[in-house]
Amino acid sequence: MGSVADRIRSKLEQAFTPQRLEILDDSAKHSGHMGAREGGESHFSVVIVSNRFEGLGRVARQRLVNAELAEELAGPVHALALKTLTLSEANAKSNG
């Protein structure tokens, strides 16, 4: 994984102490589109499971993540798809 993905991972791990964190560079799917950069690392999908999201709605959770990644979203990251779950939500999805 490249430097942008590494920074995303580091910031999210520090801020949310996630039980699960998946970061996928989707940039190849967007080659030639607006915001795509040579070498990728412009479009990401993130799945993050953290108890810090407990009691928060989807938009509030995404705002927290976006605030932590403000520097990346202002620069190299053009698009960020987020799936934010609590541990109980993640367990319910895997059991159901």
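In the block above lies the structure referred to throughout.
Model, not experiment: these values are computed from the prediction.

(A) Local environment of the side chain of Thr 84. Its place among the elements puts Thr 84 in strand β3 (residues 79-85). Judged by its relative accessible area of 8%, Thr 84 falls in the buried class. Apart from residues no more than four positions distant in its own chain, Thr 84 is found in contact with Ile 48, Phe 53, Arg 58, Arg 61, Gln 62, Val 65 and Glu 89.

(B) Region of interest: unusual backbone geometry. At Thr 17, a position not held by glycine, the phi torsion is positive, near 40 degrees. For Thr 17, the position within the fold is in the loop between α1 (3-16) and β1 (20-25).

(C) Focus on the sheet that holds β3. Strand order in the open sheet made by the three strands is β1-β2-β3, with mixed pairing throughout. This sheet does not close on itself; its edge strands, each paired only once, are β1 and β3. Each strand of the sheet is rotated relative to its neighbour by a mean of 10 degrees, with strand direction disregarded. Here strand β2 (residues 43-49) pairs with β3 via seven bridges, running parallel. When the bridges of β3 are listed, His 43 appears paired with Ala 79. Contacts between helix α4 (residues 87-95) and the sheet are confined to β2 and β3, with β3 contributing the most and set at about 85 degrees to the helix.

About the cut-offs
Every chain is numbered on its own, with residues counted from 1 as its sequence reads. Local features in this predicted model are restricted to residues whose pLDDT is 70 or higher, and side-chain atom pairs enter the listing and the counts only when it is 80 or higher, whereas totals over whole chains, interfaces and linings include all residues. Water and hydrogen atoms were dropped before computing side-chain values, which therefore reflect all heavy atoms in the structure. Strands here are runs of E lasting at least two residues and helices are runs of H or I lasting at least four, both read from the DSSP assignment and numbered beginning at the N terminus. Exposure is judged per residue with a 1.4 Å probe applied to protein chains only, and the accessible area is read against the type maximum: over 50% gives exposed, under 20% gives buried, and values in between give partly exposed. We call two residues in contact whenever any of their non-hydrogen atoms come within 4.5 Å of each other. For two strands to be treated as a pair, DSSP must find at least two bridges joining them. In this analysis, axes come from line fits to C-alpha atoms, helices being fitted only over the stretch in contact, and the angle between any two N-to-C directions falls in the range 0 to 180 degrees.

All we've got here are geometric facts, nothing functional implied.
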